[in-house]
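Fold and geometry: a report
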Amino acid sequence: MNSVSSQSVPSQAGMPRLLPRVAWVIVLSVAAFFLVTRVPRYLVLTAQSYGPYFWPRSSWLLPHVLGGLLAILIGPLQFWSRIRRDHIQVHRWSGRVYLAGVVVGGIASFGLAATSQVTLTYAAGLAGLGVAWLTTAGMALAAVLHRNFAPAVDDPQLRCHDGVRDVPRRGRPSGSQGHRHQG
Ligand code: HEM
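Reference entry: report on the structure contained in this document. (Residues numbered from 1 in each chain as written. Predicted model: local features only at pLDDT ≥ 70, side-chain atom pairs only at ≥ 80, totals over all residues. Heavy atoms only, no water.)

1. Details of the overall build of the protein
So the rule is basically this: Put simply, DSSP marks the helices as runs of H or I at least four residues long and the strands as runs of E at least two long, and each gets a number from the N terminus on. Relative accessible area decides the class of each residue, using a 1.4 Å probe on protein chains only: under 20% of the type maximum gives buried, over 50% gives exposed, and in between gives partly exposed. In this analysis, two residues are considered to be in contact whenever any of their non-hydrogen atoms come within 4.5 Å of each other. Only the protein chains shown count as cover for residues, and all accessible areas are computed by the Shrake-Rupley method using a 1.4 Å probe.
Secondary structure assignment for the protein yields six helices and three strands. Along its sequence from the N terminus, the protein presents helices and strands in the succession α-α-α-α-α-α-β-β-β. Taken across its 183 residues, the protein has 22% of its residues classed as buried. Sequence-distant contacts, at least 24 apart, represent 45% of the contacts inside the protein between residues at least 6 apart. For the protein, the accessible area works out to roughly 13300 Å², and carbon and sulfur atoms hold 67% of it.

2. Structural notes on helix α5 (residues 88-114)
Operational definition: A helix is expected to span 1.5 Å for every residue after the first.
The end-to-end C-alpha distance of α5, which contains 27 residues, comes to 39 Å, matching closely the 39 Å that a straight helix rising 1.5 Å per residue would cover. Those residues of α5 that sit buried are H91, S94, G95, G101, V102, G105, G106, A108, S109, G111, L112 and A113.

3. Concerning the coordination of the iron atom of the ligand
Just so we agree on the cut-off: Metal donors were taken as nitrogen, oxygen and sulfur atoms no farther than 2.8 Å from the ion, or 3.2 Å where the ion is Na, K or Ca. Water is excluded, so coordination may look unfinished.
Among all protein atoms, only H64 (NE2) binds the iron atom of the ligand, sitting 2.0 Å from it. Relative to the assigned elements, H64 resides in helix α3 (residues 58-74).

4. Here we look at the site of the ligand
To be explicit about the condition: Proximity criterion: a residue is near a molecule or strand once any of its heavy atoms comes within 4 Å of it. Any pair of nitrogen or oxygen atoms within 3.5 Å is treated as a polar contact; in protein, a donor-acceptor pairing is required on top of that, and neighbouring residues in sequence qualify only through side-chain atoms on both sides. Side-chain classes are defined by residue name, with Ala, Val, Leu, Ile, Met, Phe, Trp, Tyr, Cys and Pro counting as nonpolar, Asp, Glu, Lys and Arg as charged, and the others, Gly among them, as polar.
Residues in close proximity to the ligand total 21 residues, the closest being R38, Y42, Y53, H64 and Y122. Y53 has a polar side-chain atom sitting 2.7 Å from an oxygen atom of the ligand. Here an oxygen atom of the ligand sits 2.5 Å away from a polar atom, N or O, in the side chain of Y122. When the residues that make up the shell around the ligand are grouped by side-chain class, the tally is 14 nonpolar, five polar and two charged.

5. Side note on the nonpolar core
Cut-off, in case you're wondering: In these notes, a set of buried Ala, Val, Leu, Ile, Met, Phe, Trp, Tyr and Cys residues joined through side-chain atoms within 4.5 Å is what counts as a nonpolar core.
Ranked by size, the top nonpolar core spans eight residues in total: V39, Y42, Y50, F54, L61, V65, L69 and L112. Of all the secondary structure elements, the ones that give two or more residues to this core are α2 (47-54) and α3. Non-local contacts of Y50, meaning those with residues more than four positions away in its chain, are made with R41, Y42, V44, L45, W55, S58, L61 and L62.

6. Observations concerning a nonpolar patch on the surface
Worth spelling out the cut-off: A patch consists of residues whose relative accessible area exceeds 30% and which take part in no salt bridge; residues with like charges are grouped when within 9 Å of each other, and nonpolar side chains (Val, Leu, Ile, Met, Phe, Trp, Tyr) when within 5 Å. Every case where a carboxyl oxygen of Asp or Glu lies within 4 Å of a side-chain nitrogen of Lys or Arg is listed as a salt bridge.
Together, L18, V22, I26 and V30 line one region of the surface with nonpolar side chains, adding up to about 350 Å² of accessible area. Structurally, the position occupied by L18 is in helix α1 (residues 8-37).

7. Some remarks on the packing of aromatic side chains
Operational definition: Pairing of aromatic rings covers Phe, Tyr and the six-membered ring of Trp, with a centre-to-centre limit of 6.5 Å; geometry is then stacked below 30 degrees between planes, edge-to-face above 60, and tilted otherwise.
Summed over all chains, the structure comprises five aromatic pairs. Summarising the aromatic geometry, the rings of Y42 and Y50 are spaced 5.2 Å apart at their centres and angled 85° between planes, so their arrangement reads as edge-to-face. Here Y42 matches Y50 in class, with each residue buried. Measuring from centroid to centroid gives 4.7 Å for Y53 and F54, while their planes differ by 70°, and the two rings are edge-to-face.

8. Thoughts on α2
Put simply, the test is: This arc is built from the directions going out from the helix axis to the C-beta atoms.
Restricting attention to buried positions, one finds in α2 the residues S49, Y50, G51 and F54. Angularly, the buried residues of α2 cover 130° about the axis, an arc narrow enough to put them on a single face. Residues of α2 that are exposed and point more than 90 degrees away from the buried face comprise Q48 and P52. Against the buried residues of α2 lie α3 and α5.

Dropping the structure here:
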């Protein structure tokens, strides 16, 4: 006897959609909390606002915060498929601004790490985060320059015939261009 009821199928199919949304809510909530509680004071360029730890390094922290602000506000928009599909120019320009923010904020994070004066381990950890930030942004840029990205699934420009969806990817062998619909 088949013990799997037909009602369990939709809930199982819904899980893969639910998980990314939950992850997004968590990530955006943490980012919003950080932006509200930690950032505003550094937009006021005074010794009192920065405090003794950061004021001597304000010439690193201010560009870091401004670049970081750009990146953290724009970055999530780059994952919004509706913007990619309907407003590709907006997506391209926001991507350029995002990369500029990461370059400015990332380079300044090295200045902050080098001047932190806590311990060498702490400074190395901060610098490692800077390397990770710039590397992931560089990987995204390289993928764009090589047009190595998957188009939106609902992109109307994709041709669909005989169960095969054409996924144009320049620089790939022609035999690897399509993939079959599941089911
Ligand atoms: C992965 C990317 C990032 C790296 C590697 C990084 C690196 C750093 C470093 C090295 C410091 C100094 C810490 C210290 O000296 O103790 C710092 C502080 C700070 N960063 Fe970032 N940061 C990143 C992303 C961001 C973003 C997106 C923002 C958004 C505006 C931001 C805003 C700040 C602020 C406000 C501080 C002062 C922290 C405090 O008040 O405790 N950072 N960051």
